[in-house]
Amino acid sequence: MKKINNADNFIRKIIDKDNESGKWGGRVHTRFPPEPNGYLHIGHAKSICLNFGLAIEYDGKCNLRFDDTNPLKEESEYVRSIIEDVSWLGFEWGNEPLYASDYFGQMHDFAVKLIQAGNAYVCDLDPDQVKLQRGTLKKPGINSPYRNRSIDENIDLFAKMRSGEFANGEKTLRAKIDMAHSNLNMRDPVMYRILHATHHRTGDDWCIYPMYDWAHGLEDSLEKITHSICTLEFEDHRPLYDWYLDQLETYHPQQIEFARLNLNYTVVSKRKLKRLVDDGFVEGWDDPRMPTISGLRRRGYTPESIRNFSEGVGVTKRDTVVDVAKLENSLRDDLNKRSPRVMAVLDPLKVVITNYPDNELEYVDAINNPEDESAGKRKLAFSKEIYIERNDFLEEPPKKFFRLSPGKEVRLKFAYYITCNEAIKDEKGKLIELRCTYDADTKGGRSEDGRKVRGTLHWVSVKENIKAEIRLYDRLFNNEHPEKNGDFIENINEESLKVIDNAVLERSLHLGASDLPYQFERTGYFKIDSKNSTPDKLVFNRAVSLRDSWARFNKKVG
RNA sequence: UGGGGCGUAGUAUAAUGGCAGUACACCUGGUUUUGGUCCAGGCAGUUGGGGUUCGAAUCCCUGCGCCCCAGCCA
């Protein structure tokens, strides 16, 4: 894969400086360390693109490493989905992914080393007591009564913890640092807790599991990571990693913190996303309205669009909220260049061309992608009866309405000019059919006399078409900041999904073969739904609509 | 004076002592067989105050505001 970008950011500057000073001997080795306890989302995508992108850019390496230190929350299904998502985004990590659990033995030995140096102790306090003794933000904590056990006793007790002689929570191994430290992370943090639980990879080999703060720095150290990039909230933990690594006198990566991605009209927290799934507000983790990578994929987002977006939002230490329109724009931008254009009528209105031969079926040439000549052309069936979009006709058109209305002429794209003569309604007054005439001299959609026709409509032949279900997705929340004041559930957009079951598409969509979403002319980008679509019944998801300045104009006018 | 971090157009980001630039959003106009794309133009910014300097978004002082931290979660 080629280098994605060029804009400067503070992390590149640090790396450039390091390379200049020779700090890491020119090495750049990053890592993406997800906990396999949920599905990846757009926020993770930013981190993935950053870490893997830097490795590509500097001809370095990036490890995919699962931070699986809590058997209570982690499952191999999440491992599977994470691998799938990172690969789909287009990144490689060479050989097999890595696991924190592969280092459990080494971490244990490091812990023993710390005990032997008098820098860790086994503590019998229960969680409530620990909490009480930790002090507060402004008040120092107090020492555990077990803080001064002898090294031999600690060694013995820790061995017993490891061999399963104690129940869950009965004892912990704690670092002996400073209970009065102004940074709470330094107040004798727990290194190991007892958890008689089956781990997704190590099974029942262990009943003590390392805490994140103890494990994470060691993982980075063991893998000889140079730049350990993480989010802002770990800034306070850095002194603790530094302390551990200094005590152990071992390889010491450099941690760099950046601000995580926030998007408006979106929630990006595993807990909240889980609630949307569990309480049935969406179909699942890969619901096309979800900001998960699997949801975006199913919606029709491309890896390229997500990578471009990630680069585009930049990397800083500021806590910010990016406009989701920027994400949408990155998709349009990508798809505009690559997406095959097709005819699809979402809300069909029949048009009878009264002066067209009854049984004729002819084919007109259609351009597949005006942005890419190499995409070529295809044939489109045209006949006496066609469908157009219901909202492309208005009996009493407002000013600047360029579409069909009585007496007006429009172009059927790639086909002919037609003029509307009559609108037929049923007994209830509902419009059911249009009677039009066509100009046989305008085949292909142009006329010799150069007459101006502002309106161009998409259409599908009644004689030759296929039916499909279309799912129109909109933003899941109608509040810019769904998490601010109150329950975010209150801000769910009830109209985030509209299902259309009677759309008609040109027949070339029969197999729905394109990997990329299609552009339905004048409507938007649509992708075959990977879950619900069958050869008998095609289902398309709208990834994103086309920009629509007419709709915008109307909104403004009211 | 608990500790840590952050303040540049509406939003997100460049500019590291030398003309405050870019993208998205928004608004005009042009082109157009997609009211798409594209093109041209426009709107709009350095958190307040003070200081250093020929010159400050940038350096110094001092306010103000916002975010994170008291899991045997990560």
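So, how was this worked out
- Residues numbered from 1 in each chain as written.
- Chains lettered and ligands numbered in written order.
- Predicted model: local features only at pLDDT ≥ 70, side-chain atom pairs only at ≥ 80, totals over all residues.
- Heavy atoms only, no water.
- Helix = DSSP H or I, 4+ residues; strand = E, 2+ residues; numbered from the N terminus.
- Buried < 20%, exposed > 50% of the residue type's maximum accessible area, 1.4 Å probe, protein only.
- Lys, Arg positive; Asp, Glu negative; His and termini not counted.
- Salt bridge = Lys/Arg side-chain N within 4 Å of Asp/Glu carboxyl O.
- Polar contact = N/O pair within 3.5 Å; in protein donor to acceptor, adjacent residues only side chain to side chain.
- 1 Å grid on protein atoms, 1.4 Å probe; cavity = no way out; pocket = protein on both sides within 12 Å on 5 of 7 lines; lining within 4 Å.
- Points joined across faces, edges and corners; volume = space filled by probe spheres on them.
- Nonpolar A, V, L, I, M, F, W, Y, C, P; charged D, E, K, R; others polar.
- Domains from an automatic or database assignment.
- Pairing = 2+ DSSP bridges.
- Right-handed = clockwise from strand over helix to strand, strands pointing away.
- Contact = heavy atoms within 4.5 Å.
- Axes fitted to C-alpha atoms, helices over the stretch in contact; angles between N-to-C directions.

> Lay out the side chain of R174 in plain terms, naming residues and giving numbers.
With respect to the helices and strands, R174 occurs in strand 5 (residues 172-175). In this structure R174 is buried but unpaired, with D188 as the nearest side chain of opposite charge at 4.9 Å. A polar contact is formed between the side chain of R174 and the backbone oxygen of D188, at a distance of 2.8 Å.

> Help me get a handle on the layout of surface pockets, residues and values and all.
By volume, the largest pocket is sized at about 1,700 Å³. Along the walls of the largest pocket sit 41 residues, with S545, L546, R547, D548 and A551 positioned nearest its centre. Listing elements by their share of the lining of the largest pocket, those giving two or more residues are helix 12 (324-338), strand 21 (466-473), strand 22 (497-505), strand 25 (538-545) and helix 13 (549-557). Counting residues per element, the lining of the largest pocket draws most heavily on helix 13, which supplies five residues. Residue composition of the lining of the largest pocket, grouped by class: 12 nonpolar, eight polar and 21 charged. Looking at which domains feed residues into the lining of the largest pocket, each of domain 2 (270-340 + 468-557) and domain 3 (344-458) supplies at least three. What the second largest pocket holds in volume is close to 970 Å³. Around the second largest pocket sit 33 residues that line it, and Y212, T231, E233, F234 and R260 are the ones nearest its centre.

> Describe the pairing of strand 8 (residues 227-231), listing the residues and the values that go with them.
Among the five residues in strand 8, five count as buried, and that is most of the element. Both faces of strand 8 are covered, namely the face carrying H227, I229 and T231 and the face carrying S228 and C230. Looking at chain direction, strand 8 and strand 9 (residues 254-258) are connected through five bridges and run parallel. From the neighbouring strand, C230 faces strand 9, where its bridge partner is E257. Note on the crossover from strand 8 through helix 8 (residues 238-248) to strand 9: the handedness is right-handed.

> Hey, could you go over the pairing of strand 9 for me, with residue numbers and the actual values?
Here strand 9 lies mainly inside the structure; five of its five residues are buried. Neither face of strand 9 is exposed, since Q254, I256 and F258 on one face and Q255 and E257 on the opposite face are all buried.

> Go over empty space enclosed by the protein, please, and point to the residues and values.
In this structure the tally under the stated criterion is two cavities of 30 Å³ or more. Size it by volume and the largest cavity reaches roughly 250 Å³. If you go around the largest cavity, you meet 20 residues; those closest to its centre are T266, R289, R299, V324 and R475. Breaking the lining of the largest cavity down by element, the ones donating at least two residues are helix 10 (293-299) and helix 12. In terms of residue count, the dominant contributor to the lining of the largest cavity is helix 12 (three residues). Class assignment of the residues belonging to the lining of the largest cavity gives a composition of 13 nonpolar, two polar and five charged.

> Describe the sheet that holds strand 3 (residues 98-99), with residues and values.
The three strands are arranged 1-2-3 in an open sheet whose pairing can be described as parallel. Whereas interior strands pair on both sides, the edge strands pair on one side only; in this sheet they are strand 1 (29-32) and strand 3. Across four bridges, the pairing between strand 1 and strand 2 (residues 61-66) is parallel. When the bridges of strand 2 are listed, T30 appears paired with C62. Along the sheet face, helix 3 (residues 76-88) touches strand 1, strand 2 and strand 3 and points at about 160° away from the line of strand 2.

These figures capture arrangement, not role.
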